[in-house]
Amino acid sequence: MALRAAVLRHIRLPVQTLTATGSRPQPQWSFLRLFSSHDDHLTKEEVIDRVLDVVKSFPKVDPSKVTPDVHFQKDLGLDSLDNVEIVMALEEEFKLEIPDKEADKIDSCNLAIEYIYNHPMAG
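Keep in mind it's a predicted model, so treat the numbers as computed, not measured. (Residues numbered from 1 in each chain as written. Predicted model: local features only at pLDDT ≥ 70, side-chain atom pairs only at ≥ 80, totals over all residues. Heavy atoms only, no water.)

Enquirer: Before we go on, may I ask you to explain the pattern of salt bridges in this structure?
Expert: Note that side chains of opposite charge can pair when their charged atoms are close. Evaluated as defined, the whole model comprises four salt bridges. Here Arg50 and Glu93 are joined by a salt bridge, their closest N and O atoms 2.9 Å apart. With a gap of 43 residues between them, Arg50 in helix α2 (residues 44-56) and Glu93 in helix α3 (residues 80-94) connect regions that are remote in the sequence. Judged by relative accessible area, which is 31%, Glu93 ranks as partly exposed. (Salt bridge = Lys/Arg side-chain N within 4 Å of Asp/Glu carboxyl O. Helix = DSSP H or I, 4+ residues; strand = E, 2+ residues; numbered from the N terminus. Buried < 20%, exposed > 50% of the residue type's maximum accessible area, 1.4 Å probe, protein only.)

Here is the structure:
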């Protein structure tokens, strides 16, 4: 509680009040919205491009065979260890952690794209 009081003594934020018409005045700090994490979700096209780039850069993969619908083992001839390495590379690229249970299910570019696109913390 003492920490909270100490922090609040040093933070000063303008208080917005309702006008007589009941509407809120425009905030003076509207530029802060640019730094919000709520509007910066990746587009599907960005996710597709980045996933395909990661898979194409994998040493055992022929880049000409990589498409959004390619299966890692059936189409690219990768084994399960390669699959794990690709998922790890995707985690690094998008700065997220994919739980082992989910990572085991990702065996194609399409599944990787869907998982990452739907992940709220992908960046």
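Enquirer: Would you mind showing me how to read the environment of His71 here?
Expert: If you trace the backbone, His71 turns up in the loop between α2 and α3. A sequence separation of 36 residues divides His71 from Asp107, and the C-alpha atoms of the two residues are 6.2 Å apart. Excluding its chain neighbours within four sequence positions, the residues that come into contact with His71 are Leu76, Asp107 and Ser108. Among the polar contacts made by the side chain of His71, one reaches the main-chain amide nitrogen of Lys74 at a distance of 3.0 Å. (Contact = heavy atoms within 4.5 Å. Polar contact = N/O pair within 3.5 Å; in protein donor to acceptor, adjacent residues only side chain to side chain.)

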